[in-house]
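One-letter residues, chain by chain:
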Amino acid sequence: MSHIDNIPSTPGKFKMDKSPYIHHRLRWHSSSIAKLTFWSFIFLGLILVFFFRSPSTAPSSTSPSSDLSRRSLRTNSWGGPTWEKRVKSSAKIRSRNGISVLVTGAAGFVGTHVSAALKRRGDGVLGLDNFNDYYDPSLKRARQALLERTGVFIVEGDINDMALLKKLFDIVQFTHVMHLAAQAGVRYAMENPSSYVHSNIAGLVSVLEVCKSVNPQPAIVWASSSSVYGLNTKVPFSEKDRTDQPASLYAATKKAGEEIAHTYNHIYGLSLTGLRFFTVYGPWGRPDMAYFFFTRDILKGKSIPIFEAANHGTVARDFTYVDDIVKGCLAALDTAEKSTGSGGKKKGAAQLRVFNLGNTSPVPVSDLVSILERLLKVKAKRLIMKLPRNGDVQFTHANISLAQRELGYKPTTDLQTGLKKFVRWYLSYYGSGKKSAQ
Ligand SMILES: O=C(O)[C@H]1O[C@H](OP(=O)(O)OP(=O)(O)OC[C@H]2O[C@@H](n3ccc(=O)[nH]c3=O)[C@H](O)[C@@H]2O)[C@H](O)[C@@H](O)[C@H]1O
């Protein structure tokens, strides 16, 4: 039986025409209509699926445009009465003379601690975080859960989403912005340079753009970094020292941020305070930092690379405990003067400040490892390595006299005490080895 014989006859329609050619053509015609209809449905279906999943149809969202943005700028929906209610309630001031603060990077290490401290004293706090996967997002979710228990809501979104930022300012008249969202890490900048430009430059500009155009403008305190001192060799590092020799792209983006802050202060009258953090450590810390992954790897019995400079030179850091940093952040918020502009127009000179927030007692990395060994009661497998040329500097040391004078900043936690608290947290969070940090 031929293929043609299989086709059911269509009485009366094609009967008269016996021409095989015409028959074939008509058969093709009818089957092609069927196929066309079938594929049209499939195509329509695909368009509908795409349409409903597309960010542009969400109440509001960010639009991913590259691999980079897919990693850090997830499509998040926001809006709606329930969401607005949560935003308002979280940002509500609950103490006399309290302030209302938008904390960007609230699910981050410093962001979580600062948000909790502000909430504790009765300030209004709203968090914003994109929960990117630079390091284990489950740690960020755990910090979020912690903050939720204290009444802090974290809006899930990216600082580059200006529509979202504007919406937040429509709902709440923030008196202050604590801008901590950033791409951190010195060495990762060689792996993913554009993420630093995206968060630390474009993201900062988008925050400042929104802050300058709202009325009243908030005062802004933001995280710069000790890394801006780069190849500066004059110690301890003072705010007056040169910062034009960054050793990593991370440092360069933070330095750029300081210049951008100057511009927005100069043109729009925004009150801006940059805080140069010196290697902040503590409970709920960042797993990409040495003290954190050294702890994990010592417990696992894995060797840890300890950098040393040329000619066995010591590599040291002015490790600063997170509670001291939090005190500095709160003091910077409390002493910040109001911005002077409104609706994008400057009305007078505004405050522009930069402070070192360090511990002012540098510790060699090998000593950090010795402290961890004692606390963990495990001998580390030390692998001494040459300091790689990937952005690390040999040492950092903060001169904190300016912060002491202007903010009353006085760090009180030495590395031994701070690491003890970190290790206690680490062991309770991950257990002593079975469930370990990624
Ligand atoms: O103050 C800052 O502004 C920055 O602080 C932090 O950078 P760093 O001071 O470089 O911290 P971190 O990586 O913990 O390395 C600590 C020490 O261990 C050494 N180190 C590191 C890795 C390794 O494998 N071996 C090693 O010896 C390494 O050479 C260094 O001496 C923040 O990550 C950064 O985001 C930024 O905030």
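Residues numbered from 1 in each chain as written. Predicted model: local features only at pLDDT ≥ 70, side-chain atom pairs only at ≥ 80, totals over all residues.

In the nomenclature of an unreviewed UniProt entry, the protein corresponds to UDP-glucuronate 4-epimerase from the organism Escallonia rubra. Its UniProt record gives the protein the following Subunit (unreviewed entry) comment, quoted word for word: "Homodimer." (UniProt positions renumbered as here; feature names shortened; annotations may be inferred.)

Some points on the overall build of the protein
A count of helical and extended segments in the protein gives 13 helices and 13 strands. Buried positions account for 42% of the 438 residues belonging to the protein. (Helix = DSSP H or I, 4+ residues; strand = E, 2+ residues; numbered from the N terminus. Buried ≥ 20, exposed ≤ 12 C-beta atoms within 10 Å, placed from the backbone.)

Regarding the packing of helix 7 (residues 193-213) against helix 8 (residues 249-268)
For the pair helix 7 and helix 8, interaxial distance at closest approach is 10 Å and the crossing angle is 15°. Taken together, the axes of helix 7 and helix 8 lie roughly parallel to each other. Remark: the crossing between helix 7 and helix 8 carries right-handed chirality. Residues Pro-193, Tyr-196, Val-197, Asn-200, Ile-201, Leu-204, Val-205, Leu-208 and Lys-212 of helix 7 pack against Leu-249, Tyr-250, Thr-253, Lys-254, Ala-256, Gly-257, Ile-260, Tyr-264 and Tyr-268 of helix 8. Of the residues belonging to the contact of helix 7 with helix 8, the class tally is 13 nonpolar, 3 polar and 2 charged. (Axes fitted to C-alpha atoms, helices over the stretch in contact; angles between N-to-C directions. Parallel < 35°, antiparallel > 145°, perpendicular 65-115°, else oblique. Left-handed = near helix turned anticlockwise from the far one by under 90°. Contact = placed C-beta atoms within 7 Å. Nonpolar A, V, L, I, M, F, W, Y, C, P; charged D, E, K, R; others polar.)

Topic: the environment of Leu-407
Locating Leu-407 in the fold gives a position in helix 12 (residues 401-407). Distance in space between the C-alpha atoms of Leu-407 and Ala-336 is 9.8 Å, their sequence separation being 71 residues.

Some words on the site of the ligand
Ala-184, Ser-225, Met-289, Ala-290 and Phe-307 are the nearest of the 18 residues found near the ligand. Per-element tally for the shell around the ligand: the top contributor is strand 8 (residues 303-308), with 3 residues. Residue composition of the shell around the ligand, grouped by class: 11 nonpolar, 5 polar and 2 charged. (Near = placed C-beta within 6 Å.)

Considerations on the UniProt feature "domain: NAD-dependent epimerase/dehydratase" (unreviewed entry) in the protein
Look at the UniProt record and you will see "domain: NAD-dependent epimerase/dehydratase" (unreviewed entry) annotated at residues 101-338. Measuring from the first to the last C-alpha atom of residues 101-338 gives 13 Å, for a span that is 43% helix and 18% strand.

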